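The chain contents come next:
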Amino acid sequence: MRCISVYTDSFELFSDLFEQVIDLQLGENDEREVEGVIVSDSGEVPEHYLERMSAKPEVVVMKDKTRGITILQHGKVFEILLPSQEAAEIVG
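Residue positions are given per chain, counting from 1 as you read along its sequence in written order. The predicted origin of the model limits local features to residues at a pLDDT of at least 70 and limits the giving and counting of side-chain atom pairs to 80 or more, whereas totals for whole chains, interfaces and linings rest on all residues. To get the side-chain values, all heavy atoms of the structure are used, and hydrogens and water are removed first.

J.: Even after reading the chapter, I still don't get the packing of aromatic side chains, so can you show me in this structure?
T.: Pairs of aromatic rings are described using the distance from one ring centre to the other and the angle between the two planes. The criterion for an aromatic pair is that two Phe, Tyr or Trp rings (for Trp, the six-membered ring) have centres within 6.5 Å, with stacked assigned to planes under 30 degrees apart, edge-to-face to planes over 60 apart and tilted to the rest. Taken as a whole and assessed by the stated rule, the structure comprises three aromatic pairs. Arranged with centres 4.1 Å apart and planes meeting at 5°, the rings of Phe14 and Phe78 form a pair that is stacked. A residue pair is termed long-range when its members are at least 10 positions apart, and Phe14 in helix α1 (residues 11–23) and Phe78 in strand β6 (residues 77–82) qualify at 64 residues. Each residue gets one of three labels from its accessible area relative to the maximum for its type: buried under 20%, exposed over 50%, partly exposed in between, using a 1.4 Å probe on protein chains only. On the accessibility criterion, Phe78 (1% relative accessible area) is buried. An aromatic cluster of three or more residues is present, and its members are Phe11, Phe14, Phe18 and Phe78. Numbering of helices and strands runs from the N terminus, with a helix taken as a DSSP run of H or I at least four residues long and a strand as a DSSP run of E at least two residues long.

What follows is the structure, given as structure tokens:
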């Protein structure tokens, strides 16, 4: 899974930027500013990362089932977990 970090604690702002962030063509470890919010590609994360993070009580887990995207929110960061290329082809 590829992880994109969005550094804000505002769900409303994150929600407004979500589609723009998904459409960004970020390279690995690339960082950009989108409407005053830092967005960075954190590279690939292992499958067990999602399991480990979802078990923590301070982590909110949201899913976009149609695209296979999982969003983790904790502290002042949202992490968008995108399926690998192979998984994306299976999902749709």
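More follows now that the structure is in view.
J.: Can you walk me through the pattern of salt bridges in this structure?
T.: Should their charged atoms come close, side chains of opposite charge can pair. By salt bridge we mean one thing: a side-chain nitrogen of Lys or Arg within 4 Å of a carboxyl oxygen of Asp or Glu. Applying the stated rule across the entire model yields four salt bridges. With a shortest N-O distance of 2.7 Å, Asp41 and Arg2 are connected by a salt bridge. Here Arg2 lies in strand β1 (residues 2–6) and Asp41 lies in strand β3 (residues 37–44), a separation of 39 residues in the sequence. Across the pair Glu19 and Arg67 runs a salt bridge whose closest N-O atoms are separated by 2.8 Å. You can see Glu19 sitting in helix α1 and its partner Arg67 sitting in the loop between β4 (60–64) and β5 (69–74), a full 48 residues away along the chain. According to the relative accessible area criterion, Arg67 is partly exposed, its value standing at 31%. Shared partners join several salt bridges into a network, and the residues in it are Glu19, Asp64 and Arg67.

J.: Whenever I open this one, the side chain of Thr8 confuses me. Can you help?
T.: With respect to the helices and strands, Thr8 occurs in the loop between β1 and α1. Beyond its immediate sequence surroundings of up to four residues, Thr8 is in contact with Leu13, Phe14, Val37, Lys76, Val77 and Phe78. In what follows, a contact means two residues having at least one pair of non-hydrogen atoms within 4.5 Å.

J.: Looking at this model, I keep getting lost on the sheet that holds β6. Mind explaining?
T.: The strands making up a sheet associate through hydrogen bonds between their backbones, and the pairing can be parallel or antiparallel. Each pair of strands is called paired provided DSSP finds at least two bridges between the two strands. One open sheet accounts for six strands, arranged β2-β3-β1-β6-β5-β4; its pairing is antiparallel. Where the open sheet ends on each side, the last strands, each with one partner, are β2 (31–34) and β4. The mean inter-strand angle of the sheet, taken between neighbouring strand axes irrespective of direction, is 25°. Sheet analysis places β4 next to β5, joined by five bridges and oriented antiparallel. Looking across to β5, one finds that Val60 is bridged to Gln73. Here, axes are lines fitted to C-alpha atoms. For helices the fit covers the stretch in contact, and angles between N-to-C directions go from 0 to 180 degrees.

J.: Quick question: what am I supposed to make of helix α2 (residues 47–54) here?
T.: An α-helical turn contains 3.6 residues, so a residue and the one three or four places further along point in the same direction. Considered for burial, the residues of α2 that qualify are Tyr49, Leu50 and Met53. In an axial view of α2, the angular spread of the buried residues amounts to 100°, which keeps them on one side of the axis. Those residues of α2 that are exposed and angled more than 90 degrees off the buried face are Glu47 and Glu51. Working definition: the arc comes from the directions between the helix axis and the C-beta atoms, pointing outward to the latter.

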